[in-house]
Amino acid sequence: MNDPNILVEVKGLRKSFGPLTVMDDLDFSLFKGENVAILGQSGSGKSVLLKVIIGLLEPDEGEVSLWGRRISELDDGELNKVRRKMGMVFQSGALFDSMTVFENLAFPLVEHGFDDEDALREVVKKRLEWVSLPGVEDKYPSELSGGMRKRVALARTLAADPELILYDEPTTGLDPLNSRKISSMIHEIDKRVKSTSIVVTHDLDCARKVAGRWCYLSGGKILADGTPDELFESPHEEVRSFLRGVAPSTENQGRDSRDVPGKTTSRGAE
Ligand SMILES: Nc1ncnc2c1ncn2[C@@H]1O[C@H](COP(=O)(O)OP(=O)(O)OP(=O)(O)O)[C@@H](O)[C@H]1O
Ligand SMILES: [Mg+2]
């Protein structure tokens, strides 16, 4: 339970919305340094799982522990400390449209207590270089393409140096070239900062690139958990046919209307 190498531990998670049960006694753990992809049908609860882990949604039943501490037992100060070690790239990108790219990236840093303007400029510049977008500090999100906005959202999450990064559909809505670019960036970033990450994706090329462990979510549980090869050989027909259905192309991308390129994302989280 208190193993500091287990960054995320979810036990007996139940979550319903009215009559709809989305998480049904789900267990999941993630070790420090692991990069896992969460796969599953649309509506299977992948985003809900991420939101429960990051604390945007509360479980009806069950426990979430982060860095070995049950979050239900933490006071507000402790919880904030834990949350600061995590970053999430939302499905919609969730940039602040009324702020420039610089302001978007500086925002979480200022919240983390960063107040040296020069140092702030330097960190923002570096993170934009990481995502191959040097010099876009003064642009507004509406002036950028869908792929560029995704990269700015990625840079914003990275700005605060999170130990645990959660990505929700980082490549959805992008063309294959931009999808590959983002997947490579995530892979590079994982190597560079040795982060632990959870990537929710429909894009198997992305999953292959960024994660050595795949979990398939269905019926409110993790139905399969293993290497990509193990999942392709899963005893569960549903898992095999899902993977056959989406592999190897990116045909399932873009089906989320919340995230189409060119659409201006709204302010804040989804
Ligand atoms: N805040 C909410 N209130 C009510 N229902 C919700 C809420 N959030 C999610 N749901 C429902 O929970 C189910 C799982 O949603 P979730 O967004 O986790 O799916 P998903 O697996 O991420 O799907 P996709 O691949 O399309 O993004 C869906 O039926 C959704 O409508
Ligand atoms: Mg989702």
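Worth saying up front: this structure is predicted, and the values here are computed from it rather than measured.

A few points about the nonpolar core
Within the largest apolar cluster, 69 residues are counted, with the highest numbers of intra-cluster contacts made by A37, I38, I53, L166, V199, A207 and Y216. In this view, L166 contacts L50, I53, I54, M86, M88 and I198; residues no more than four positions away in its chain are not counted.

Here we look at the site of ligand 1
Residues in close proximity to ligand 1 total 12 residues, the closest being F17, S42, K46, S47 and V48. Listing elements by their share of the shell around ligand 1, those giving two or more residues are β2 (20–31) and α1 (46–54). Element by element, the count of residues in the shell around ligand 1 is highest for α1, at 3 residues. Considered class by class, the residues forming the shell around ligand 1 number 4 nonpolar, 6 polar and 2 charged.

Here we look at the sheet that holds β2
Strands sit in the order β2-β1-β4-β5 across an open sheet of 4 strands; the sheet is antiparallel. Strands at the two margins of the open sheet, each flanked by one partner only, are β2 and β5 (69–70). Taken together, the 5 bridges between strand β1 (residues 6–17) and strand β4 (residues 61–66) define a ladder with antiparallel strand orientation. The residue bridging E9 from the neighbouring strand is S65, located in β4. Where α1 meets the sheet, its contacts fall on β1, β2 and β4, and the angle it forms with β1 comes to roughly 120°.

Quick notes on the rules
- Residues numbered from 1 in each chain as written.
- Chains lettered and ligands numbered in written order.
- Predicted model: local features only at pLDDT ≥ 70, side-chain atom pairs only at ≥ 80, totals over all residues.
- Core = buried A, V, L, I, M, F, W, Y, C linked by C-beta atoms within 7 Å.
- Buried ≥ 20, exposed ≤ 12 C-beta atoms within 10 Å, placed from the backbone.
- Contact = placed C-beta atoms within 7 Å.
- Near = placed C-beta within 6 Å.
- Helix = DSSP H or I, 4+ residues; strand = E, 2+ residues; numbered from the N terminus.
- Nonpolar A, V, L, I, M, F, W, Y, C, P; charged D, E, K, R; others polar.
- Pairing = 2+ DSSP bridges.
- Axes fitted to C-alpha atoms, helices over the stretch in contact; angles between N-to-C directions.

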